Each structure stands twice: as structure tokens, then as C-alpha cells.
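# Chain and residue survey
Next come the chains, spelled out residue by residue.
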Amino acid sequence: MSERVASGGGYVAVAVVLLVMTALNIGLAMIDLRGFNSVVSLLIAAVEVVLMAVYFMHLRWSAPMTRLVGLAALLWLSILMAGTLDDLLTRGWLPVPGK
Amino acid sequence: MSTLALPVRRRTYIDVNYGIRSWLLTTDHKRIGILYLLSITLMFFVGGGAATIMRLELLSPSGALMDSETYNKLFTMHGVVMVWFFLIPSIPSVLGNFIVPLMLGARDLAFPRLNLLSWYIYVLGAAFTLWALIDGGVDTGWTFYTPFSTSASTTSVVTVAIGIFIVGFSSILTGLNFIVSIHHLRAPGLTWFRLPLFLWSMYATSIILVLATPVLGITLLLLAVERIARVGFFDPALGGDPLLFQNMFWFYSHPAVYIMILPGMGVVSEVIATFARKPVFGYTMVAMCSVAIAVLGFLVWGHHLFVAGISAHAALVFSILSYLVAIPSAIKVFNWTATLHRGAITLNTPLLYALGFIGLFTMGGLTGLYLASLGIDVQVHDTFFVVAHFHYIMVGGMVTGYMAGLHYWWPKITGRMYSEMWGRIAAMIIFIGFNLTFFPQYILGYMGMPRRYHIYPPDFQMLNVFSTAGASILAIGYVLPLIYLLASLRSGKVAGPNPWDATGLEWQTSSPPPKHNFQETPMVTGPPYDYERRVASR
Amino acid sequence: MTVHAHPAPHVLGEQYQSLEQQHATAEFGMWIFLATEVMLFGGLFIAYTVYRIVYPDGFAEGSRHLDLAIAAPNTAVLIVSSLTMALAVRTAQLGERRKTTWYLIATMVLGVVFMVLKGVEYYQHFLEGMVPGLAWTYAGPDANAVQLFFVAYFSMTGLHAIHLLIAIGIVCVCVLLARRGAYLPPERHTSLEMVGLYWHFVDMIWTVLLPLLYLFGFHP
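Residues numbered from 1 in each chain as written. Chains lettered and ligands numbered in written order. Predicted model: local features only at pLDDT ≥ 70, side-chain atom pairs only at ≥ 80, totals over all residues.

Our focus in this paragraph is the overall build of chain C. Looking only at helices and strands, one finds six helices and two strands in chain C. Starting at the N terminus, the α and β elements of chain C follow one another as α-α-α-α-β-β-α-α. Taking the principal axes of the C-alpha coordinates as reference, chain C spans close to 70 × 30 × 30 Å. Taking all 220 residues of chain C together, 53% fall into the buried category. Of the contacts formed within chain C by residues at least 6 apart in sequence, a portion of 78% connects residues at least 24 apart. (Helix = DSSP H or I, 4+ residues; strand = E, 2+ residues; numbered from the N terminus. Buried ≥ 20, exposed ≤ 12 C-beta atoms within 10 Å, placed from the backbone. Contact = placed C-beta atoms within 7 Å.)

Our next topic: the confidence of the model for chain C. Residue and element names in this part refer to chain C. Chain-level pLDDT for chain C is 91 on average; 95% of the residues reach the 70-or-more range. Mean pLDDT across the secondary structure elements of chain C bottoms out at strand β2 (residues 135-136), with 90, and peaks at helix α4 (residues 97-128), with 96. As scored by the predictor, the complex reaches a pTM of 0.93 and an ipTM of 0.91. (pLDDT = per-residue confidence, 0-100.)

Taken together, the 31 residues of chain B in the interface contact 27 residues of chain C. When residues of the side of chain B that touches chain C are traced back to their parent elements, those giving at least two are α6 (157-184), α7 (197-229) and α8 (242-276) of chain B. Per-element accounting of the side of chain B that touches chain C gives the leading share, nine residues, to α7 of chain B. Taken together, the residues that form the side of chain B that touches chain C break down as 20 nonpolar, seven polar and four charged. (Nonpolar A, V, L, I, M, F, W, Y, C, P; charged D, E, K, R; others polar.)

Glancing now at the interface of chain A and chain C. Note: interface size is frequently given as the accessible area lost on complex formation between the parts. Taken together, the contacts link 43 residues of chain A with 45 residues of chain C. Counting residues per element, the side of chain A that touches chain C draws most heavily on helix α3 (residues 64-89) of chain A, which supplies 13 residues. For the side of chain A that touches chain C, the per-class residue count stands at 29 nonpolar, eleven polar and three charged.

So, on to helix α1 (residues 8-29) of chain A. Counted at 1.5 Å a residue, the expected span for α1 of chain A with its 22 residues is 32 Å, and the 32 Å between its end C-alpha atoms agrees. Among all positions in α1 of chain A, only Tyr11, Val14, Ala15, Leu18, Thr22, Asn25, Ile26 and Ala29 of chain A are buried. Along the axis of α1 of chain A, the buried residues cluster in a sector spanning 110°; they form a single face. Exposed positions of α1 of chain A whose direction lies more than 90 degrees from the buried face are Gly9, Gly10, Val16, Val20 and Gly27 of chain A. The inward-facing, buried residues of α1 of chain A contact α2 (37-56) of chain A together with α3 (68-93) and α6 (190-215) of chain C. (Expected span 1.5 Å × (residues − 1). Arc of directions from axis to C-beta.)

The next thing to look at is the nonpolar core. In terms of nonpolar packing, the biggest core is built from 273 residues, with Val268 and Ala354 of chain B together with Ile32 of chain C touching the most fellow members. The contacts of Val268 of chain B, once residues within four sequence positions are left out, are Trp336, Ala354, Phe357, Ile358, Gly401 and Ala404 of chain B. (Core = buried A, V, L, I, M, F, W, Y, C linked by C-beta atoms within 7 Å.)

Residues and elements named next belong to chain B. Topologically, Tyr484 is positioned in helix α15 (residues 461-491). Of the residues examined, Tyr484 has 18 C-beta atoms within 10 Å and is grouped as partly exposed. Once the C-alpha coordinates of Tyr484 and Tyr442 are considered, the two residues, 42 residues apart in sequence, prove to be 33 Å apart. Setting aside anything within four residues of it in sequence, one finds Tyr484 in contact with Tyr418, Ser419, Trp422 and Gly423.

Moving on to helix α9 (residues 283-296) of chain B. Residue and element names in this part refer to chain B. Relative to the 20 Å expected for 14 residues at 1.5 Å per residue, α9 spans 20 Å between its end C-alpha atoms, a close match to the ideal helical length. Listed as buried for α9 are Tyr283, Val286, Ala287, Cys289, Ser290, Ile293, Ala294 and Leu296. Close packing links the buried residues of α9 with α7, α8 and α10 (312-340).

All names here are of chain B. Put simply, helix α2 (residues 29-57) and helix α4 (residues 112-134) touch, their axes get as near as 10 Å, and they point 15° apart. On the basis of their axis angle, the class for α2 and α4 is roughly parallel. Here α2 and α4 pass one another in a crossing that is left-handed. Two secondary-structure elements touch here, α2 through His29, Ile32, Leu35, Tyr36, Ser39 and Met43 and α4 through Pro112, Asn115, Leu116, Trp119, Tyr122, Val123 and Ala126. (Axes fitted to C-alpha atoms, helices over the stretch in contact; angles between N-to-C directions. Parallel < 35°, antiparallel > 145°, perpendicular 65-115°, else oblique. Left-handed = near helix turned anticlockwise from the far one by under 90°.)

What follows concerns the environment of Met156 of chain C. Residue and element names in this part refer to chain C. Locating Met156 in the fold gives a position in helix α5 (residues 143-179). Considering only alpha carbons, one finds Met156 and Phe41, 115 residues apart in sequence, at a separation of 7.5 Å. Other than its neighbours up to four places away in sequence, Met156 contacts Leu44, Tyr48, Leu209 and Leu213.

Most peptide bonds take the trans configuration, and most residues that are not glycine carry a negative phi. Across the junction of Ser511 of chain B and Pro512 of chain B, the peptide omega takes the value -10°, indicating a cis bond. Residue Pro185 of chain C is reached from Leu184 of chain C by a cis peptide bond, and omega for that bond is -5°. With respect to the element layout, Pro185 of chain C can be found in the loop between α5 and α6. At Phe144 of chain B, a position not held by glycine, the phi torsion is positive, near 50°. Along the chain, the position of Phe144 of chain B falls in the loop between α4 and α5 (148-152). Among the residues examined, Phe144 of chain B registers 24 C-beta atoms within 10 Å and is labelled buried. The phi angle at Arg342 of chain B is positive, at roughly 60°, despite the residue not being glycine. Structurally, Arg342 of chain B is set in the loop between α10 and α11 (349-372). The exposure class of Arg342 of chain B is exposed, given the 9 C-beta atoms found within 10 Å.

Here the focus is the packing of α10 of chain B against α11 of chain B. Residues and elements named next belong to chain B. Where α10 meets α11, the axes come as close as 10 Å, and the angle between the chain directions of the two elements is 165°. Viewed along their axes, α10 and α11 adopt a mutual orientation that is roughly antiparallel. Helix-helix and strand crossings are classified by hand; for α10 and α11 the assignment is left-handed. Between α10 and α11, the residues in contact are Ser319, Ser322, Tyr323, Ala326, Ser329, Val333 and Trp336 and Ile358, Thr362, Gly365, Gly368, Leu369 and Ala372, respectively. Looking at the contact of α10 with α11, its residues break down into seven nonpolar, six polar and no charged.

Set out below in C-alpha cells:
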């Protein structure tokens, strides 16, 4: 069957990049980034996740629908996050007693 | 002219092989549909039995038959069994499993072995739940609110939680199978906008099944861990938040009600088109509304928490979104009505049920809007008003839709016609019994009778008696199909491939279908419901 | 790499018209399953987020009680295991049975190494009295919030560990299948590729857990 096969060296390269990024993540966590530590570390993690998805999991060769599935999962998670946090963070905003 | 050519009766999926192993190890979606049919019918009568006893208890205002502890266990088990072991799997796992590949023109679903696994998972989950029932029952309500369920309840909460966690995987596998099948196994020529609306509904349902159920899974897992380890996220003593449980629980459980109703809507679309002999009015709109309901349904869960202590801001947002989600449902109701308009209508049993669906679902849906209104919700939350609302949707809507589908596709599944007379009688009995049971509950709730209470002020007794009377009629209505449908297997008229003269690929093969569904892969060349063209070509 | 006009028997399921369709279907189905896993773990992420917002100090304190000296090498172990898994799938696509088997064994071994190190880490927490419900003796500031952090920590890493254990079990089965030549001819590699997707996903979850649990305590 005609299916693309990646080069072994390519996989090794991606793995090395992931290892370096993990080390970077850990290293940066030790430095005071004035409130941006969480954002930076999650950003690095997000890039690692994308690299894994695109190269190890072959998303770059997958049908658009398959990629949409991955995106949909993240979108739905953010719906749960948004709704729950809306309640948590807005308690006391409106002048309704007790809420 | 000395020999007579006798017609060779081709083997169907039923008699292609015999023996219990060939059924229990089947990967044929049609046989799996039958396995599910047997299981969920059993669970329906278990849940119905609990309801019957509850209604008997509610005949008198002061707890004549049982104590409060027992009553708590009854409504809990009624809810758990009905929601997870009947309502959610009914149309998808019975009718969906059977009909979806046929409608697609496919030989089976994408993953037949996963399909069989999903049934075994269902049975395992049901076994855990029934065990909890026998082991003394659970008294937390089907909603398992913390901290009562984690700390104070002394019943078999963990067992039931495990049972529901397990059956969730059955849902997920079914939804996964449908999504992949609808994407990849459509017959040549069957483009997305030529799909019958039942498939659009099943697709939308499957999106919810796949994305919502895992959140229930993790919520129940945390509940069980918290109950066993006596520490967790929902424990106020630790600084935990019971509202977090409610947010996570309802994130699943609200979309779950759309899992229940969307397949029913799909059935109604099919039945109305067939028995009005017209294409569904606004086909594209109805298809898009199915998906819209699935998506919007994920945005409204907070309306179950209006009086639980969420912020006024969140309550407002969820209230507005809850109004929005009613719109696609309303559009569908108008489209069905427009389909009926100037159609050539035959009031067959499936259509009677479909008409019942439209009326009762609309009533239930409208009362949902009352509940979405914050001010009214404060008054009627946790009263029988809510109970009446969701029973109008679930029983008046979903179960009625299930009955419509069961009767509509019965000839395809069994090759037999049931008694039309008895079908109509049962449909009317169900309609009358249903309204007599649940309409008084709207009034009771508005007047202030709380739900989950079996002791109530004597002023409420008359309406409760009406409700129980209605329930007894409803029970007869549900037992009748059991009898005449079973009887049809022996003495029903042979159905033939297309007894309703309907469109759709499932009617292009024999009744019952052969094991591989079609002798050769069908080709689709036109839109669904092309009744007008068929009439013109005669 | 090679195009086969007639697939070997038992390779093509009867509900499929072509190998491409079967492969595309399997891949699509597996990603949908992974989406359900995202939602499963997602529930835990939501709970974690809520309590980190409510108890920022307690959570930071809890994070400082975790041992990065074990978690950092463990992260490397999982990344390398993803590499060996990807290489296993690649060699299966090329029909190299022996290499496939060895790469799968390497993947499995690395997974076991992770579990062992995790076990050591858990045992340390137990000895320090930082296991909620089982052995909790922490009495410092924000004890309740620190306990909630550890509930989150054990739930998230515990669920991850369960998934890894299942993955190791599946890969073990794959080793036996690969040895027997079940992934030959190369068209039959699809199921292994799907196992690979699952393995990579388990690695992805850990990639996100590392900053969430271990890294933010230094400079919250």
C-alpha cells in the first residue's frame, strides 16, 4: 500500500529536540520570570505536544478530519474549563446577595 | 413443462447459523442490536418496576408503604437504571446498531468486534448496578451529589459508580463506531447531504457520546476514590468544593439528555417522511440543527446549578445559552409540522408515536424554558415541576420516539408485521396514561411539592392519586407492545423488503436482511425522501 | 513504499473496499478514542486548575515537596520510549520483523523503567507521610491545600501510570505478535501503528504533567 514512511533519523532528531526542550523547561523553571513562569512552561509543553503529534503520530500526513478530532478535544476541554472558571472567578461580581 | 422451479429462500442474519455461541460471539451488527434489545428491555422493566412502587407509595401522603430510606433507594435506582441502562443506549445501541450500516449501504460497522465488546461492557456494568440494587440499593439520587455521596451515605455507592463507569465505555465505543462508519463507509453516491436524517442524528449523538462520557468517567472515579480513601477534591473539610462535583457531573449529564433525545428526533424525521409521503421540509436545516443541538448542548450545564451557589454572572451566562439551545429543537418541530402539511398521511402506529413525540416534546421543551429563567427556577427547582419537565422530554419524547422506531423498523428486523390494531391501541393508551401521570406533576411542582419526598401535605394527595392512576394506565400501555410484538414473531404477516414503500437503503434489501446486508453494494443517485419523484414516475 | 495490487488474505476486513480505507478508518477511530482520553484526563486538569487558583500558596508548597530528581530522568525515559515506538512502527512499515521486535522490546523496557522510578517516587512520598488517605502526617502551613495538591498529584500521575501499565501490557502482546510475523506483510502494520498512537499519547500526557505538577513550585 502506498503510505509514507518517515526516515529513522528524522524521528531521532525530533526526540533530541524534545529532550532539549524538556531540559529547557526545567531550567527556565528555576529562573524567576516575573510571573510568566507558568505561561512559559506550559507553552514549551504545548510545543512538545505538537511536535509529538505531528511527527511521531504522523498528523502531518493525516486527513484534515483526523486533525480536526485532535483540535475538537482541546476545544471541548476549554469549554469545560471556561464554564467552571466563569463561576469560580465571578463570584461577587454582580450585586446579587450571596452570589 | 415437467419441472417446477421453486424459489430458493435466501438465508437471513437470523438463520445463517444457529446456537447460542453464534449469537454471543457474533460480530454482526444486527445480532448485536438484538442482544442490546433484550438487555435494555430487561432494564426498562427493572427501572419501571421501581417507578411503579414509587407511584404506589405516593398515593398516600404519609408514608404508608415504606420509610424514607427505602424511598430514597427507589428513586435513585429508578434514575440510575433508566438513564444509563435504558435511555442512553436504547435507540443508539438497538436501532442504531441495526439500521446505521443498512442506511449507509455498508456490510457492517467500521469496528464490528468493538461493537460486540460494547455489549459485553454494557452487561458487566448492568451486573454491577443490579448487584448494588440487591446489596441494599443506593440512596444518593442518580445525581450522586457530594458530600452526601462521598461521606454520609452508607449504601453501595462505589458499586453503582463502578457500574456506571463501566457502561460509559459501552457508550463511547458505540459513538466511536458510528462516527467512523458514517465518515468512511458510505455507499457510492451517498454524500453527506444525501444522508437520511436518522444518520445525521446518530452522528450528532455520537459526538456527544464520545466527548461527554469520559468526563462522567473521571467524575465517578474521583467520587469512588474519595469515598474509599476519605480524601478528595469534593470534601469541604479539606477545603474542597462540592460545586466542582456538580460542574463536572453536569458537564456530562446535560449533554447526556441530548444523547437521549437526538436519536428520537432522527426517528421522527424518518417516520414522518414515510407516512406523509413527503421529503422532510428543510432537510438541510434539520441536519444542521442536529449538530447545533449537540454542540450547544455542551454549553448549558450550569442551569442545573442555578440555586447551588454559583455566581450570578455564571447563572446569567448559562441562562442565556439555555434559551439558545432551544432554538434548533424548535426549528425541527416546525420543519416536521411543515412536512406533514399537505402530505398523504396514513395514521400508522409509528406515525401515531411520532405525532405524540412532537406534541409532548414541545410541551416538555417549553417547560425547559421556564426552568432556564432564573426567577422561575428559584421557585420550582427540586420540585415536581422539574420531574414533570424531564419526564415529558424523556418519556413523552424519547421513549415515544423509541417506540416509533421500534415499530417502524420491526418489519425490517424480524421480517414480520405486528398487529396494526393493537399497535394503535397501545399508542393511544400510552399517550393518555402518560399525560394523566405527568401533567398533574407540573401543577404539584408549581404548588410547591418537592421532588424526592414521599411524605407531603395532604392537600397534594388528589393530584398524586391522578398521577398514580395515569401510571397504571401507562404501565398497561408499555406491556401491550411486549405481547403483540412477540406474538408477531409467530403469527405476524410476512413483511417483505419494503412494507411501508419507504425510501432509504435499508428498505432495498430483504426483511430480515441477509448477514452481509446487501447482495451487492448499492449506489445512491438522488436525494433522500424522493417521494415526489416516485409518485410522478408511477 | 510498495504498492500491492492484491492484499494478502485476512488483511482486508470485509466491510472495507480497500486497504487505504481500512487504514484511514483505523487512524480516525484511534484519534477519536484519544479525544475521549483527553476529556478523561481533562476532568482532572479542571479540578487541578480550580484548586490552584483558590489555593496558590498551598499548591506551590506542595509542588516543592515533589522530587524533580526522579521526574526529570523519567521524562527523558518516556521521550526515548516514544522514539523507539516510532522506530518500531517504521520498521514494521518496511517489513523488518526483527528490528520491529527489538524496538518494541526497548519500548516496553523503558516503560517498565518509568514505572519502577515512579514506584520509588511514590514510596518516598509514603515514607515522608505525604500520601493523602494512606499516610498523611504533613502539618506545615496550608496543610489542607497541600493535601489537596497531593490528591491532584496522585490522581493525575496515578491515572497516567494506569494508562502506561495498560500500554506496556499491549506492547508486550505486540512483541509476541511481531516475533511471530503477525505484522508481515507490511500492509498488516496498521494495528501496531495504532498502538503507537496510544503510546505517544501517554507520553504527551506526561509532558503536560511535568510543568503542571513539578515545575511551578520554584517561581509560582
